[in-house]
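A look at the structure
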Amino acid sequence: MKKLFSFLAIIGILLAINCTRITENNDPVIGIWSHIATDGGTTQKQDVTVRQEWIFNDAYLGRYHTYHDKNLTVISDFKWVHKDSLYVISYPGLDKEEDIVTMTESDNGTVLADADGTVLAIRE
């Protein structure tokens, strides 16, 4: 009887392990994306470099950073969803509108651009 219960326990454990597997996400957006721009800054002589960075992971989450002249000013998590050919990026906890972009190829490489063609980020 002990052998039967042991066998059933092993079968139960194997079934539980197989049922909890997360499906593999091979979406091409996974990786690091960035956008660099210059801002007028506080004085007319000095421009401020603003770098935005998105790190997409395979769990439909990511990390968003903003740097002003190499100083980290914003760090936040984001969620992303791939619907049809669109990527919807939402920033819970930030006062930032969600971005709706498509992935396209350009002369600069692979980019995320909105419906107007404005580039949100370039793949690194």
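Details of the structure are given in the entry above.
Residues numbered from 1 in each chain as written. Predicted model: local features only at pLDDT ≥ 70, side-chain atom pairs only at ≥ 80, totals over all residues. Heavy atoms only, no water.

Things to note about the nonpolar core
Applicable threshold: Only buried residues count toward a nonpolar core. Its members are Ala, Val, Leu, Ile, Met, Phe, Trp, Tyr and Cys residues joined through side-chain atoms within 4.5 Å. Only protein chains enter the area calculation, which uses a 1.4 Å probe; residues under 20% of their type maximum are buried, those over 50% are exposed, and those in between are partly exposed. Helix and strand assignments follow DSSP, with helices taken as H or I runs no shorter than four residues and strands as E runs no shorter than two, numbered in order from the N terminus. Contacts are assigned to residue pairs with any non-hydrogen atoms lying within 4.5 Å of each other.
One finds Trp 54, Phe 56, Phe 78 and Ile 89 to be the most contacted residues of the largest nonpolar core, which totals 14 residues. For this core, the secondary-structure elements that each account for two or more residues are strand 2 (48-56), strand 4 (71-83), strand 5 (86-90) and strand 8 (119-123). Excluding its chain neighbours within four sequence positions, the residues that come into contact with Trp 54 are Gly 31, Ile 32, Trp 33, Ser 34, His 35, Arg 63, Tyr 64, Phe 78, Tyr 91, Leu 120 and Ala 121.

Considerations on the side chain of His 65
Within the element layout of this structure, His 65 appears in strand 3 (residues 61-68). Leaving out residues up to four positions away in the same chain, His 65 has contacts with Arg 51, Gln 52, Glu 53, Ile 55, Leu 72, Val 74 and Ile 75.

Regarding the packing of aromatic side chains
For any pair of aromatic rings, the description rests on two quantities: the centre-to-centre distance and the angle between the ring planes. As a reminder of what qualifies: Pairs were defined over the aromatic rings of Phe, Tyr and Trp, the Trp ring being its six-membered one, requiring ring centres within 6.5 Å. Orientation was assigned from the angle between planes: stacked under 30 degrees, edge-to-face over 60, tilted for the rest. Any Lys NZ or Arg CZ found within 6 Å of a ring centre and within 35 degrees of that ring's normal is scored as a charge over the ring.
With the rule as written, the count across this model stands at 7 aromatic pairs. Judged by centre distance (5.3 Å) and plane angle (65 degrees), the rings of Tyr 64 and Tyr 91 are edge-to-face. In this pair, Tyr 64 sits in strand 3 while Tyr 91 sits in the loop between strand 5 and strand 6 (99-106), placing the two residues 27 residues apart along the sequence. In this pair, the class of Tyr 64 matches that of Tyr 91, namely buried. Judged by centre distance (6.2 Å) and plane angle (55 degrees), the rings of Phe 78 and Tyr 91 are tilted. Placement of the pair is Phe 78 in strand 4 and Tyr 91 in the loop between strand 5 and strand 6, with a sequence separation of 13 residues. Tyr 91 gets classed as buried once you look at its relative accessible area, which sits at 4%. One aromatic cluster in this structure is built from Trp 54, Phe 56, Tyr 60, Tyr 64, Phe 78, Trp 80, Tyr 87 and Tyr 91. The lysine or arginine in question, Lys 96, covers the ring of Tyr 91, its NZ or CZ lying 4.9 Å from the ring centre.

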